Amino acid sequence: MVSAMSSIVRATVVQASSVFYDTPATLDKAERFLKEAAELGSQLVVFPEAFIGGYPRGYNFADQSTRGKESFRKYHASAINVPGPEVDRLAAMAAKYKVYLVTGAIERERYTLYCSVLFFDPEGNYLGKHRKIMPTFSERLVWGFGDCSTTPVYDTPYGKLGSVICWENRMPLLRTSMYAKGIEIYCAPTADSGDKWVSTMTHVAMEGGCYVLSPIQFCRREDYPSPPEYLYSPSEDFVTPDFDSIIWAGGSVIISPHGEILAGPNYKGEGLFTADLDVRGEIPKAKFKFDVVGHYSRADILNLTVNNRPLVPVTFTSSPCKSKDKDGECKDI
C-alpha cells in the first residue's frame, strides 16, 4: 500500500558510462552514484538506458565473422537475468540508500537480449520492468522487442512513476497510453543527446503535463575495451584511437510540466543533476490548460486501443488428463 502523497520529491538523474563487459564493476559504480545522490537528499534516482550491461555504442553487430560472434557472446554474458543476483543487489542498494531506483539494464532471457528499465522501491522491493518495445535502427540486430505487458506505471508517495526508453518517446501512441495510465514522473533514459533531444523531452513534459527525467550516458572511448577486443568503428583496425576522446556527450535533463528546464543539460562529463519535483503543486496547473487524455481529448472521434497481453511465440495447452495423483490432480506420465 502506498503511503499518503508527499508534496515534493528530490529527484536525481545520473549521467555516467557503464564499465563495458564488466557488470560487477558497473554495479559498484552505480552504488557510488547512489551514495552521492542520497547524500544530496535524493529520494528518486534514475540511471541511463542500458546502464547495467552496457550500450554497444559504435559496434557493428551485423558482423558475422568469428570476432563478431565472440563480441555478442561477451555482450550476452554481461547482460542480467531478471530476476537474478544483480537484481537482488540493486534492490539491496535501493533499501540501503532509501530511494526509488530506476535503471536501464540489458536483460537476458535465455539467448535473447532486451533493453529494459527496472524499478525498485526504498524498502528494497523489485517492482517490475519495462522492456523497450521498439529498438532503434541497428539496435534491432542485437535486442529483442518488448510488448505492452511491460509498460507499468507505479503508485508512489511522490506520484505515478513510469518509463519510456529513448526513441520510444517519438511514438505518440505509446506516449498516449502512458498518459492514460496517469504517469506523473516520466523517466526517459536514452542513448540520444543534443538540443533536439531536449526539445523532444520538453514537448513530452508539456504534452503529458508531467515531470520528465532523462538521464544519458557520458562516454569516452576509454570506457570501452581496447581494440581489437572492441572496435568502436571499422577504422580502429588501422588507427590507434584517442582514448580520451568523447564518444557520447551526455546532456541529461529534468523538465517541469510547464516545459521549464530544472536541471541540465550538461555535456561536460559524468555527474548528478538534481531537482525538486512538486507533483501535487505543479501538475494540476499544467493540466488546467491541457489534459491530453482528459478534457482536451475527443474520444468520440479519436481513440486508442492497447494490447496489454504478453505476446509469446509458443503457447502450450494441456491435453485431457490421463493419470491422476492421490489428490486427484493431473500428473506427468
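Since we're looking at a predicted model, the values are computed, not measured. Every chain is numbered on its own, with residues counted from 1 as its sequence reads. Under the rules for a predicted model, residues below a pLDDT of 70 receive no local features and side-chain atom pairs below 80 are neither given nor counted, while totals for whole chains, interfaces and linings still include all residues. Heavy atoms from the whole structure form the basis of all side-chain values; hydrogens and water molecules are not counted.

(A) Local environment of the environment of Leu113. Starting at the N terminus, helices and strands are each numbered in turn, a helix being any DSSP run of H or I of at least four residues and a strand any DSSP run of E of at least two. Mapped onto the elements, Leu113 comes out in strand E4 (residues 112–120). Along the backbone, Leu113 and Ala79 are 34 residues apart, and their C-alpha atoms lie at a distance of 7.4 Å.

(B) Quick look at unusual backbone geometry. The omega angle of the peptide bond from Val82 to Pro83 is 0°, so this bond is cis rather than trans. Looking at where Pro83 falls in the secondary structure, it is placed in the loop between helix H2 (66–78) and helix H3 (85–97). Going from Gly264 to Pro265, the amide bond is cis rather than trans, its omega being -10°. Mapped onto the elements of the fold, Pro265 is located in the loop between strand E13 (261–263) and strand E14 (271–277). Phi is positive for Tyr21, close to 65°, though the residue is something other than glycine. On the secondary structure map, Tyr21 appears in the loop between strand E1 (9–15) and helix H1 (23–39). Per-residue accessibility, obtained with a 1.4 Å probe over protein chains only, is compared with the maximum for each type, and a residue is labelled buried under 20%, exposed over 50%, and partly exposed between these values. Judged by its relative accessible area of 16%, Tyr21 falls in the buried class. Phi at Lys98 takes a positive value of approximately 55°, unusual for a residue other than glycine. Considering the arrangement of structural elements, one finds Lys98 in the loop between H3 and strand E3 (100–109).

(C) How the structure looks around helix H4 (residues 172–180). All buried positions along H4 are accounted for by Leu174, Arg175, Ser177, Met178 and Tyr179. Taken together, the buried residues of H4 touch strand E6 (153–156), strand E7 (159–163), strand E8 (185–187) and helix H5 (195–208). Residue Gly182 follows H4 closely and has a positive phi angle near 90°. Note on contacts: a residue pair is in contact if any heavy atoms of the two residues lie within 4.5 Å.

(D) Spotlight on the state of the cysteines. Working definition: a disulfide is two cysteine sulfur atoms within 2.5 Å of each other. Across all of its chains, the model carries 0 disulfides by this definition. Here Cys166 stays free of any disulfide, with the sulfur of Cys115 as its closest cysteine sulfur at 7.8 Å. Classification of Cys166 as buried rests on a relative accessible area of 5%. Not engaged in a disulfide, the cysteine Cys219 finds its nearest cysteine sulfur in Cys166; these two sulfurs lie 13 Å apart. For Cys219, a relative accessible area of 0% translates into the label buried.

(E) Layout of the environment of Tyr126. Positionally, Tyr126 belongs in strand E5 (residues 126–131). Other than its neighbours up to four places away in sequence, Tyr126 contacts Val82, Val87, Leu118, Phe119 and Phe120.

(F) Structural context of the sheet that holds E8. The criterion for strand pairing is that DSSP finds at least two bridges linking the strands in question. Spatially, 6 strands are ordered E6-E7-E8-E9-E12-E13 in an open sheet, and the strand pairing comes out mixed. Since the sheet does not close on itself, it has two edges, and those belong to E6 and E13, each with one partner. Put simply, the sheet's adjacent strands are angled 25° from each other on average, direction ignored. Two strands pair when backbone bridges link them, and E7 and E8 are joined in this way by 3 bridges, in the parallel orientation. Paired with Ser163 across the two strands is Cys187, which belongs to E8. Lines are fitted to the C-alpha atoms to define the axes, a helix being fitted only along its stretch in contact, and any angle between axes, read from their N-to-C directions, falls within 0 to 180 degrees.

(G) Quick look at the nonpolar core. In these notes, a set of buried Ala, Val, Leu, Ile, Met, Phe, Trp, Tyr and Cys residues joined through side-chain atoms within 4.5 Å is what counts as a nonpolar core. Ranked by size, the top nonpolar core spans 44 residues in total, and within it Leu44, Tyr75, Ile185, Leu213 and Leu277 carry the most contacts. Broken down by element, the residue count for this core peaks at 4 residues, all from E4. What Leu213 contacts, discounting residues up to four positions off in sequence, is Ala11, Val13, Leu44, Val46, Ile185, Tyr186, Cys187, Ala188, Pro189, Val253, Ile254 and Leu277. Counting 25 residues, the second largest nonpolar core, distinct from the first, contains Ala30, Ala37, Val82 and Tyr97.

(H) The arrangement of the packing of aromatic side chains in detail. By convention, a stacked pair of Phe, Tyr or Trp rings (six-membered ring in the case of Trp) has centres within 6.5 Å and planes under 30 degrees apart, an edge-to-face pair has planes over 60 apart, and any other such pair is tilted. For the structure on display, the rule yields 10 aromatic pairs. Taking 5.8 Å as the distance between ring centres and 15° as the angle between the ring planes, the aromatic pair formed by Phe20 and Tyr75 counts as stacked. In this pair, Phe20 sits in the loop between E1 and H1 while Tyr75 sits in helix H2, placing the two residues 55 residues apart along the sequence. For the pair formed by Phe20 and Tyr75, the shared burial category is buried. Each ring, one from Phe47 and one from Phe51, has its centre 5.0 Å from the other, and the planes form 40°; the classification is tilted.

(I) Focus on the pattern of salt bridges. By definition, a salt bridge exists where a carboxyl oxygen of Asp or Glu is found within 4 Å of a side-chain nitrogen of Lys or Arg. The full count for this structure, using the stated rule, is 19 salt bridges. Here Lys132 makes a salt bridge to Glu49, at a shortest N to O gap of 2.9 Å. Here Lys132 is found in the loop between E5 and E6, whereas its partner Glu49 is found in the loop between strand E2 (44–46) and H2, with 83 residues between them in sequence. Neither residue differs from the other here; Lys132 and Glu49 are each classed as buried. For Arg280, the salt bridge is made with Glu184, and the minimal N-O distance between the two is 2.8 Å. Of the two residues, Arg280 is situated in helix H6 (residues 279–289) and Glu184 in the loop between H4 and E8; the sequence distance between them amounts to 96 residues. Relative accessible area serves as the criterion here: at 35%, Arg280 is assigned to the partly exposed category. Here the residues in one salt-bridge network are Glu107, Glu109, Arg110, Lys129 and Arg131, joined through shared partners.

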